[in-house]
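# Structural description and commentary
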Amino acid sequence: MSVDHEMNDLARQELTARLNLIESMIAEGRQKTESWGWTFVLWGAAYIAAIVFANLGAPVAEWSTWGHHTLAWPITMISTLVLMFGYIGLVGDKGPKQPETTMGRAIFSMWLAMGVSMMIFFVAAGASGRLDEHIYIAVIGAMLGTTNFASSMILKWRAQLFTALVWWTAAVVGCFGSLTQSLIVFLAAIFLAQIVFGVYGMISERKTMARKSGAVHA
Amino acid sequence: MPEPETETMTELPELNPVIHGKLRLALLSLLSAVEEAEFTWLRAKTGATDGNLGAQLLKLEEAGYVAVEKKFVLRKPQTLYRMTQAGRQALTDYVQALKRLLGSAIDG
């Protein structure tokens, strides 16, 4: 092999290594190591807790989404919010802060908008006495369906599309079904779209983090 | 039949020396994927020492490829780096130059 040919080979290797470095660093930059699956499980547990507290003391056959204790839902939802942000604040202090990306901001904004809208609507409708249980379930189902659907489109995540469909089904049953039917479908939606999906999300996130670990030395 | 023209050495693009350094190239590539990033995050991703990382980021800042913002968050200092438009263009030009050089290295 001539000297020129060897130099050419080395030069090509060096240039290729540079291109590979660029690609790998861009991929590293896009990689998210945050995990959000736990928030779905947390809120699923919160909805179930709210239903249980609201119906405490009543026979199971008489259970409904709202139950007999009117403060059960507001107290449970506010407590869960405090718990969630408290945990995020604690965990956020450890390790380097994840950089902002446009996609991350879009997803966060959607969930924040949904949360604020739900709070405003339910507080106002509840205080005015114009809210009934059917509408309650239908609005929750519609809002969660919308947000999950939009998120699944942005993230190109089919599993989340499934959760949107589940919530939309609950919204429809909330409008047409009896109170008992609405409660059963609501509980099923919580289980599938929050608990099961949340656990699936946590497992997927752990697998992704385990696959990509350690710093890339430049 | 005339042979196809290949790029002569004088026509080959020069690689931007500011970006060509491995760590600086890694930093610009990382910043191209995010809106802004903390110093500690860049350090975790590149495995570089504080001193070396600071020096390379300073070179990029002096070249106008990176912008720095220093602030306090809950009384903790935070240094954020963001790629500038000039940095984005320089990285794009560098990649194109690399590809042209690779093409001529294969032909050569």
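Scope of this entry: the structure provided in the associated data block. Each chain carries its own residue numbering, running from 1 in the direction its sequence is written. The order in which chains are written sets their letters, starting at A; the order in which ligands are written sets their numbers, starting at 1. At least 70 in pLDDT is required for a residue's local features to be given in this predicted model, at least 80 for side-chain atom pairs to be given and counted, and no such filter applies to totals for whole chains, interfaces and linings, which use all residues. Excluded from the side-chain calculation are hydrogens and water; included are all heavy atoms of the structure.

What follows is about the overall build of chain A. The numbering of helices and of strands both runs from the N terminus, where a helix is a DSSP run of H or I of at least 4 residues and a strand a run of E of at least 2. Within chain A, the secondary structure is distributed over seven helices and zero strands. Reading the helices (α) and strands (β) of chain A from amino to carboxyl end gives α-α-α-α-α-α-α. Only protein chains enter the accessibility calculation, which uses a 1.4 Å probe; a residue whose area is less than 20% of its type maximum is buried, one above 50% is exposed, and one in between is partly exposed. Residues counted as buried form 34% of the 218 residues belonging to chain A. In what follows, residue pairs with any heavy atoms lying within 4.5 Å of each other are defined as contacts. Across chain A, every contact between residues at least 6 apart in sequence was considered, and the portion connecting residues at least 24 apart equals 68%. Accessible areas in this description were obtained via Shrake-Rupley with a 1.4 Å probe; residue shielding takes into account the shown protein chains only. Entry remark: accessible area of chain A is about 12,700 Å², with carbon and sulfur atoms responsible for 70%.

To continue, consider the environment of Arg211 of chain A. Along the chain, the position of Arg211 of chain A falls in helix α7 (residues 179-211). It is 25 Å that separates the C-alpha atoms of Arg211 of chain A and Leu90 of chain A, two residues lying 121 residues apart in sequence.

Residues and elements named next belong to chain B. Any two strands between which DSSP finds at least two bridges are classified as paired. Examined bridge by bridge, strand β2 (residues 66-73) and strand β3 (residues 76-83) share eight bridges and lie antiparallel to one another. Bridge pairing links Val73 to Lys76 in β3. Counting the residues in the hairpin turn of β2 and β3 gives two residues, including Leu74, whose phi is positive at 50°.

The description of an aromatic ring pair rests on the distance of the ring centres and on the angle between the ring planes. Stacked, tilted and edge-to-face pairs are distinguished by plane angle, under 30 degrees for stacked and over 60 for edge-to-face with tilted covering the rest, among Phe, Tyr and Trp rings (Trp via its six-membered ring) whose centres lie within 6.5 Å. Counted by the stated rule, this structure contains 16 aromatic pairs over all chains. By way of ring pairs, the aromatic residues Trp43, Tyr47, Trp66, Trp73, Phe121, Phe122, Tyr136, Trp167 and Phe186 of chain A are connected into one cluster.

Take the sheet that holds strand β1 (residues 37-38) of chain B next. Think of a sheet as strands paired side by side through backbone hydrogen bonds, with each pair either parallel or antiparallel. Strand order across the open sheet formed by three strands is β1-β3-β2 (chain B), with antiparallel pairing between neighbours. With partners counted over all chains shown, the strands left at the sheet margins are β1 and β2 of chain B, one partner each.

Before going further, it helps to spend a moment on the interface of chain A and chain B. The interface is formed by 27 residues belonging to chain A together with 32 residues belonging to chain B. Take the accessible area each of two parts loses on contact, using a 1.4 Å probe, and add the two losses: that sum is the buried area. Taking both sides of the interface into account, the surface hidden between chain A and chain B amounts to around 2,700 Å²; carbon and sulfur atoms contribute 65%. Contact with chain B buries surface across chain A, with Leu15, Arg18 and Ile22 of chain A losing the most and accounting together for 22% of the total. Salt bridge criterion: a side-chain nitrogen from Lys or Arg within 4 Å of a carboxyl oxygen from Asp or Glu. Where chain A touches chain B, the interface holds two salt bridges. Its salt-bridge partner being Lys45 of chain B, residue Glu28 of chain A comes within 3.0 Å of it at the nearest N-O pair. Between N or O atoms, a polar contact is any pair within 3.5 Å; within protein, one atom must be a potential hydrogen donor and the other a potential acceptor, and residues adjacent in sequence are included only when both atoms are from side chains. Scanning the region where chain A abuts chain B turns up four residue pairs in polar contact (both at pLDDT 80 or more). Mapped onto the side of chain A that touches chain B, the elements with two or more residues apiece are α1 (3-30) and α4 (102-128) of chain A. With 13 residues, α1 of chain A is the largest single contributor of residues to the side of chain A that touches chain B. Of the residues belonging to the side of chain A that touches chain B, the class tally is 11 nonpolar, eight polar and eight charged. Classification convention: Asp, Glu, Lys, Arg as charged; Ala, Val, Leu, Ile, Met, Phe, Trp, Tyr, Cys, Pro as nonpolar; all other residues, Gly among them, as polar.

Time to look at the side chain of Arg24 of chain B. Mapped onto the fold, Arg24 of chain B is located in helix α2 (residues 22-32). Dropping the residues within four chain positions of it, Arg24 of chain B is found in contact with Pro17, Val18, Ile19, Gln56, Lys59 and Leu60 of chain B.

Here the focus is the packing of helix α5 (residues 133-155) of chain A against helix α6 (residues 158-176) of chain A. Residues and elements named next belong to chain A. Note on geometry: axes are C-alpha line fits, over the in-contact stretch for helices, and angles between N-to-C directions span 0 to 180 degrees. For the pair α5 and α6, the least separation of the axes is 7 Å and the interaxial angle reads 160°. Taken together, the axes of α5 and α6 are roughly antiparallel relative to one another. Two packed elements cross with a definite hand, and for α5 against α6 that hand is left-handed. Of the residues contributing to the contact of α5 with α6, the split by class is 15 nonpolar, 10 polar and no charged. Angular relationships are summarised with four words: roughly parallel below 35 degrees, roughly antiparallel beyond 145, roughly perpendicular across 65 to 115, and oblique for the angles in between. Should the near helix be turned counterclockwise from the far one by less than a right angle, the crossing is left-handed, whereas a clockwise turn marks it as right-handed.

Everything listed here is a matter of coordinates, which is why it stays silent on function.
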